[in-house]
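What follows is each chain in one-letter form.
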Amino acid sequence: MSYAQGGIEIRDAWVRETPPGTSITALYMTITNNGDEDDTLTAVSADVSKSAEIHVTSVNSEGVAKMEMVKSVDAPAGKSVVLEPGGMHIMLIGLAGQPKSGDVVEVELEFEKAGKIKSLAKVQGIKDNTQEHQH
Amino acid sequence: MKRKRIFYILVTVLCLIAIGWGVILYQVFMIKSKADYYGNSYEREAPEFTLTDHSGSRVELADFKGKAVLLFFGYTHCPDICPVTMGTLNSVTNTLGEDKDKVQVLFITIDPERDDQEKLKNYVPFFNESFIGLTGTPEEIDKVADDYNAFYEKEDMGSETGYLMGHASSVYLINPKGKLVLRYPQNRMDPEGIAGDIRQIL
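Below or above, wherever it landed, is the structure these notes cover.

What counts, and at which threshold
- Residues numbered from 1 in each chain as written.
- Chains lettered and ligands numbered in written order.
- Predicted model: local features only at pLDDT ≥ 70, side-chain atom pairs only at ≥ 80, totals over all residues.
- Helix = DSSP H or I, 4+ residues; strand = E, 2+ residues; numbered from the N terminus.
- Rg over C-alpha atoms; globule rule 2.2 N^0.38 Å.
- Buried ≥ 20, exposed ≤ 12 C-beta atoms within 10 Å, placed from the backbone.
- Pairing = 2+ DSSP bridges.
- Axes fitted to C-alpha atoms, helices over the stretch in contact; angles between N-to-C directions.
- Contact = placed C-beta atoms within 7 Å.
- Core = buried A, V, L, I, M, F, W, Y, C linked by C-beta atoms within 7 Å.
- Arc of directions from axis to C-beta.

### Considering the overall build of chain A
Part 1 of the reasoning: Across its full length, chain A carries 0 helices and 11 strands.
Part 2 of the reasoning: What you see in chain A, going N to C, is helices and strands ordered as β-β-β-β-β-β-β-β-β-β-β.
Part 3 of the reasoning: Expected size for 135 residues packed as a compact globule is a radius of gyration near 14 Å; at 14 Å, chain A falls within 12% of this value.
Part 4 of the reasoning: Along the longest, intermediate and shortest principal axes, the C-alpha atoms of chain A span 45 × 35 × 25 Å.
Part 5 of the reasoning: Per-residue burial for chain A yields a buried fraction of 39% across its 135 residues.

In structure tokens:
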């Protein structure tokens, strides 16, 4: 599934299924800027969560994993940015219910130039073998 | 007299040569074995611990002697690395097939403030019914993380989640005799590789 507006294309958006009692999960996708002007993702919201934040996971040489919250994501002209497990992701916080494998989540991404783009994200199960091979 | 002496010397020399070869072959065998593991070798006695499992019982590491143990330190407010790792460990279990009953996956929370027994009861078995979640008092968690050199700290970055945790994200493999033998950092998380190592140490 892909959604485009103003040069920005959102592809393969997916959300990880949550164990019971969990109030946060991760949203991943590929953002492609087909236009010739640089753009920036400045805000995200999803229908299933109270708020959404952009985080970058990193694991240092000692094996310590940390997340860093960032305010925006650059979408340079002509390039793609991939949000994937172990890297950048959008943290959905304050979930209203537990997204289950097969559900579809509506997300809205706000870009500085392209404006608000709506996209649908599929919920993938933890046990789905496909989720770690998304590109 | 002289013949007997020569004979004894000969026997001694032959024995020494045999021992020498034995040592060499043993070393070669050991080096070959080490090189054949997918994970990173990490040999020492696995430190004992007593924690509370997700059903409320007190358990010790010794309770799992006779099984291989896969140990992971994480927390349930972790949206990325922890679910991914738990999913990988589930894949490892499935890959093992019949051998999976000889392996126990333990998830130890480094966020005991939020991850109580109830939270873990909902979270851990979701990845696999046989997995056990462990929590404890902040002191108990501090001790086990320290014993395993598993770093963890609270990170307050103004996130709506409250606080997040930086934490050691490697998986430890303990053999059925209670010895820590291998470690899997995040870049060594291939289920086939891990399952292959487990079959070797069982």
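Next comes the rest of the write-up.
### Re the pairing of strand S6 (residues 64-70) of chain A
Part 1 of the reasoning: Pairing analysis gives 6 bridges linking strand S5 (residues 49-59) of chain A to S6 of chain A, with the strands arranged antiparallel. Residue Val59 of chain A lies in a different strand from S6 of chain A, and its bridge partner there is Ala65 of chain A.
Part 2 of the reasoning: Between S5 of chain A and S6 of chain A, which pair antiparallel in sequence order, lie 4 residues; one of them, Gly63 of chain A, sits at a positive phi of approximately 85°.
Part 3 of the reasoning: One ladder, built from 2 bridges, connects S6 of chain A with strand S8 (residues 164-168) of chain B; its direction is antiparallel. If you follow Ala65 of chain A over to S8 of chain B, its bridge partner there is His167 of chain B.

### Here we look at the sheet that holds strand S9 (residues 171-174) of chain B
Hydrogen bonds between backbone groups are what pair the strands of a sheet, and the pairing can be parallel or antiparallel.
Residue and element names in this part refer to chain B.
Part 1 of the reasoning: One open sheet holds the 8 strands; their spatial order is S1-S10-S9-S4-S5-S6-S2-S3, and the pairing between them is mixed. Edge positions in the sheet fall to strand S1 (40-45) and strand S3 (58-60), since each has one partner strand and no second. Pairwise comparison of adjacent strand axes, ignoring direction, gives a mean angle of 35° for this sheet.
Part 2 of the reasoning: Looking at chain direction, strand S2 (residues 50-53) and S3 are connected through 3 bridges and run antiparallel. Following the sheet pairing, Leu51 is matched in S3 by Val59.
Part 3 of the reasoning: Of the strands in this sheet, S2, strand S5 (103-109) and strand S6 (132-135) are in contact with helix H3 (residues 117-127), which crosses S6 at around 155°.
Part 4 of the reasoning: Relative to strand S10 (residues 179-184), helix H5 (residues 191-201) is tilted by about 165°, and along the sheet it contacts strand S4 (68-74), S5, S9 and S10.

### Structural notes on the pairing of strand S2 (residues 8-16) of chain A
Residues and elements named next belong to chain A.
Part 1 of the reasoning: For S2, a buried count of 7 out of 9 residues is recorded, marking the element as mostly surrounded by other parts of the structure.
Part 2 of the reasoning: Inspection of the sheet shows strand S1 (residues 2-5) paired to S2 by 4 bridges, in the antiparallel sense. Of the residues in S2, the one forming a bridge with Gln5 is Ile8.
Part 3 of the reasoning: Hairpin geometry of S1 and S2 is characterised by an intervening segment of 2 residues between the two adjacent antiparallel strands and by a positive phi of about 50° at Gly6.
Part 4 of the reasoning: Across 6 bridges, S2 lies against strand S3 (residues 24-33) in antiparallel orientation. Paired with Ile8 across the bridge in S3 is Asn33.
Part 5 of the reasoning: In this sheet, strand S11 (residues 115-124) lies alongside S2 in parallel orientation, the contact comprising 3 bridges. Bridge pairing links Arg16 to Gln124 in S11.

### Remarks on the nonpolar core
Part 1 of the reasoning: Counting residues in each nonpolar core, the largest one holds 54 residues, and the members touching the most others are Leu70, Leu71 and Phe107 of chain B.
Part 2 of the reasoning: By residue number, the principal contributor to this core is helix H2 (residues 81-96) of chain B, which donates 7 residues.
Part 3 of the reasoning: With residues near it in sequence (within four places) discarded, Leu71 of chain B still touches Leu106, Ile108, Val171, Tyr172 and Ile174 of chain B.
Part 4 of the reasoning: Core analysis: the second largest hydrophobic core is formed by 31 residues, Trp14, Met91, Leu109 and Ala121 of chain A among them.

### Some remarks on H5 of chain B
Because the α-helix completes a turn every 3.6 residues, residues three or four places apart line up on one side.
Part 1 of the reasoning: All buried positions along H5 of chain B are accounted for by Ile194, Ala195, Asp197 and Ile198 of chain B. With its buried residues spanning 160° around the axis, H5 of chain B presents them on a single face.

### Observations regarding unusual backbone geometry
Part 1 of the reasoning: A positive phi is found at Asp12 of chain A, a non-glycine position, where the angle reads about 50°.
Part 2 of the reasoning: For Asp12 of chain A, the position within the fold is in strand S2.
Part 3 of the reasoning: Its 17 C-beta neighbours within 10 Å are what place Asp12 of chain A among the partly exposed residues.
Part 4 of the reasoning: Even without a glycine there, the phi angle at Asn149 of chain B is positive, about 55°.
Part 5 of the reasoning: Topologically, Asn149 of chain B is positioned in the loop between helix H4 (138-147) and strand S7 (152-155).

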